[in-house]
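Remarks on the overall topology
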Amino acid sequence: MKLLHIARGASVEPRLLPPVMQAELEKLGELTILTYGNRMSEQERAEHIRSCDVLLTGWWSAIIPDDIARDPGRLRYILNISGSVQPWIKACHIEAGIPVTNWGDAPAQTVAEGAMALLLACMKNLRKMGKLVEAGYWTPSLPMTSLFGLRVGIYGMGVIGRKFVDMLRPFGPIITAFDPYAADWPEGVTRVDSLDALFANADAIVLHAALTEETRHSVTARHLAMLPDDGIIINTARGGIIDQEALLSELYTGRLRAGIDVLDGSDALPENHPARQWPNLFLTCHEVSGDTWPDNTDRLQNFHQYALDNLRRFIAGQPLRFVMDITRYNRST
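Now for a quick tour of the structure. From a predicted model like this one, the values you see are computed outputs, not experimental measurements.

Re the overall build of the protein chain
Secondary structure summary: the protein chain contains 12 helices and 12 strands in total. Against the 2.2 N^0.38 benchmark of 20 Å for 333 residues, the protein chain shows a C-alpha radius of gyration of 22 Å, consistent with a compact globule. C-alpha extents for the protein chain along the principal axes are approximately 65 × 40 × 35 Å. Across the protein chain, every contact between residues at least 6 apart in sequence was considered, and the portion connecting residues at least 24 apart equals 67%. As presented, the protein chain carries roughly 15800 Å² of accessible surface, and 52% of it is formed by carbon and sulfur atoms. Here the protein chain contributes 32 positively and 39 negatively charged side chains, and the mean placements of these two sets differ by 2 Å.

So, unusual backbone geometry
You will see that W60, though not glycine, has its phi angle at about 60°, which is positive. Mapped onto the secondary structure, W60 falls in the loop between β3 (54-57) and α3 (67-70).

What to know about the nonpolar core
Counting residues in hydrophobic clusters, the biggest one holds 30 residues, and the most contacted among them are Y155, F199, V219 and I233. In terms of residues, this core owes the most to one element, helix α10 (residues 244-253), which gives 4 residues. For V219, the residues in contact, after removing those within four places along its chain, are Y155, F199, L207, L224, I233, I241, I242 and D243.

Some thoughts on the sheet that holds strand β4 (residues 77-80)
What the 5 strands build is an open sheet, ordered β2-β1-β3-β4-β5; its pairing is parallel. Bordering the open sheet on either side are β2 (30-34) and β5 (100-101), each of which pairs with just one other strand. As judged from the 2 bridges shared by strand β1 (residues 2-6) and β3, these two strands associate in the parallel manner. Residue L4 lies in a different strand from β3, and its bridge partner there is L55. The strands that helix α2 (residues 42-50) touches are β1, β2 and β3; relative to β1, the one it contacts most, it runs at about 155°. On the sheet, helix α11 (residues 302-316) packs against β1, β3, β4 and β5 and is oriented at approximately 165° with respect to β4.

Points about the side chain of S61
Tracing the chain through its elements places S61 in the loop between β3 and α3. Of the residues examined, S61 reaches a relative accessible area of 0% and is grouped as buried.

Thoughts on the pattern of salt bridges
Evaluation of the coordinates by the stated rule reveals 16 salt bridges. Across the pair R15 and E13 runs a salt bridge, and its minimum N-O distance is 2.9 Å. Through salt bridges with shared partners, a single network forms among R50, D67, R70 and D71.

Details of the sheet that holds strand β10 (residues 232-235)
One open sheet accounts for 7 strands, arranged β8-β7-β6-β9-β10-β11-β12; its pairing is parallel. Each having just a single partner strand, β8 (189-191) and β12 (281-283) make up the two edges of the open sheet. Averaged over all pairs of adjacent strands, the angle between strand axes in this sheet comes to 15°, irrespective of strand direction. On the sheet, helix α5 (residues 108-123) packs against β9 (204-207), β10, β11 (257-260) and β12 and is oriented at approximately 160° with respect to β10.

What to know about helix α7 (residues 159-168)
Quick reminder: α-helices carry 3.6 residues per turn. Residues three or four places apart thus point the same way. Restricting attention to buried positions, one finds in α7 the residues I160, G161, F164, V165, M167 and L168. Viewed end-on, α7 has its buried residues packed into an arc of 160°, placing them on one side of the element. Next to the buried residues of α7 lie α5, β6 (151-155), β7 (174-178), β8 and β9.

Description of the layout of surface pockets
Roughly 160 Å³ of internal volume is contained in the second largest pocket. Surrounding the second largest pocket, I260, D261, V262, L263, D267, A268, L269, R276, L283, T284, C285 and H286 form its lining. Here the lining of the second largest pocket is built from residues that sort into 7 nonpolar, 2 polar and 3 charged.

Things to note about α11
Spanning 15 residues, α11 covers 21 Å between terminal C-alpha atoms, matching the ideal 21 Å at 1.5 Å per step. Within the span of α11, buried status applies to F303, H304, A307, L308, N310, L311 and F314. Seen along its axis, α11 keeps its buried residues to an arc of 160°; they face one direction. For α11, the secondary structure elements touched by its buried residues are β1, α1 (19-26), β3, β4 and β5. Of the residues flanking the end of α11, it is G317, one or two places downstream, whose phi is positive at about 75°.

Topic: empty space enclosed by the protein
If you walk through the whole model with that rule in mind, you get 4 cavities of 30 Å³ or more. Approximately 70 Å³ is the volume found for the largest cavity. Around the largest cavity sit N235, G239, I242, Q244, L247, L248, L251, I260, V262, L263, L281 and L283, which together line it. With 4 residues, the single largest contributor to the lining of the largest cavity is α10. In the lining of the largest cavity, the residues fall into 9 nonpolar, 3 polar and no charged. The computed volume of the second largest cavity comes to approximately 50 Å³. As for the second largest cavity, its lining consists of I6, R45, I49, L55, L56, T57, S61, A62, I63 and I64. Among the elements of the structure, α2 and β3 are those that each provide at least two residues to the lining of the second largest cavity. If you tally residues by element for the lining of the second largest cavity, the top one is β3, at 3 residues.

Rules behind the numbers
Throughout this description, residue numbers start from 1 for each chain and increase along the sequence as written. Given that the model is predicted, a residue must reach a pLDDT of at least 70 before its local features are reported, and side-chain atom pairs must reach 80 or more before they are shown or counted; all residues, however, enter totals for whole chains, interfaces and linings. Only hydrogens and water are removed before side-chain values are computed, so all heavy atoms of the structure are retained for them. Under the DSSP-based scheme used, a helix requires at least four consecutive residues in state H or I and a strand at least two consecutive residues in state E, with every element numbered from the N terminus. When we talk radius of gyration, it's over C-alpha atoms, and the globule rule is simply 2.2 Å times the number of residues to the 0.38. Contacts: residue pairs with any heavy atoms within 4.5 Å of one another. In these tables, accessible area is a Shrake-Rupley quantity obtained with a 1.4 Å probe, and a residue counts as shielded only by the protein chains included in the view. All tallies of charge rest on Lys and Arg as positive and Asp and Glu as negative; His and the ends of each chain are not included. One atom stands in for each charge, and that atom is NZ of Lys, CZ of Arg, CG of Asp or CD of Glu. The term nonpolar core refers to a set of buried residues drawn from Ala, Val, Leu, Ile, Met, Phe, Trp, Tyr and Cys, joined through side-chain atoms within 4.5 Å. Each residue's exposure class comes from its accessible area (1.4 Å probe, protein chains only) as a fraction of the maximum for that residue type: buried when under 20%, exposed when over 50%, partly exposed otherwise. We call two strands paired when DSSP finds no fewer than two bridges between them. Orientation is described by lines fitted to C-alpha atoms, with helices fitted over the stretch in contact, and by angles between N-to-C directions that extend from 0 to 180 degrees. For this analysis, a salt bridge means a side-chain nitrogen from Lys or Arg found within 4 Å of a carboxyl oxygen belonging to Asp or Glu. By arc we mean the arc of the directions from the helix axis to the C-beta atoms, nothing more. Grid points spaced at 1 Å over the protein atoms alone were grouped into cavities, where a 1.4 Å probe fits but cannot get out, and pockets, open sets with protein on both sides within 12 Å along at least five of seven lines, with lining residues defined by an atom within 4 Å of a point. Grid points are joined across faces, edges and corners, and a volume is the space filled by probe spheres set on the points. Residues are sorted three ways: Asp, Glu, Lys and Arg are charged, Ala, Val, Leu, Ile, Met, Phe, Trp, Tyr, Cys and Pro are nonpolar, and all the rest, Gly among them, are polar. An expected span of 1.5 Å times one less than the residue number is assigned to each helix.

These values are about where atoms sit, not about what they do.
Right under this line is the structure:
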C-alpha cells in the first residue's frame, strides 16, 4: 500500500509527521514524502496523488487539485492527521465520495484544559495581581470570584464544549449553552436558543464554536455590552468568532476581563500593540492547549494514535472513525 504526503513548502510540518510517526507509518505501507508542493503545477500534484492509495494531509499540506474529485486514480482514502481540513481538502472531494477523516475529538482534552486555565486565571485576576506585585503593591483588593454559583455561558457544544462541561461541572457553576446544531446535550446544562439569551444570563462566556460563515463575528459589541462589569470572556476556539475591535474597545476601558488564545486575521497582535500590556487581558498566542512538556518529539501524541488507528481500520476494511460528510465539513474550520 502506498502512502503519500505532499508538504506545501521546503519541509514537512514537524508536529504532523515527526520521525516516530513516520516510522509507524512505514510499518503499514510504503511512505513517500514530497516537498515544495506549492511549486508543482496542479497537474503534477494530481499525478502524484493518483499514484497512491492513501493521501496523508494536515498542517501545511499542499492543496488537493479539484480534478482529483473527478479522477482519483488509485487514491482510496484521505487521512487528515490534524483537525483543520478546508485549507487543502475541498468540498468537491467530500462530495465525490472519497473517504476523508480528521483527528475528531483528539484535541478536546488539552483545549478544554486551556480554556479552564484561562477562566480560573481571569476569575482570580492573576494577571492584574501579578502586575501590581511587580509594581511594589501587596494584598491589593481586586474583583475575584468562585466557580460555585458562577453563571458560565458556553458557545458551542461540540466535543470540546462537552469536555469543558465535564471539567466545569464538579465546581458547581450555573451552566447555560448555545449551539443550534448539537444533538448530544450534557446533563445539567441549560440550553438557550440565541446568543442574546446566552450573554444576558452569564457572568463569564467561554467560546467553543467552530468558525464558519455563520459564526464569523457573531459575537458583537452588543453581546459584549450585556456582560456585567468585570465579566469574563474566554476564547480558545477561533478569533474570528468575535468582533475583535469591539472586544478590544471593551477591554481598553477595563470593564471586562478576557483570556484570549486566538485572534482574528493573522492570529497575532503587532509587537507594539498596547493590548499586550493591559492587566485585564491574558494573551496566550494560540499555545494554551499545548502539550510539549515533557519533551514529546519522540512520542506519538493522541492525534497520531487516532490517525494510525484509522489507517489500520482502513487496511482491515473496518469502519473509519471521524469521517467527514459535507455537513460536518461545512461546519468545520
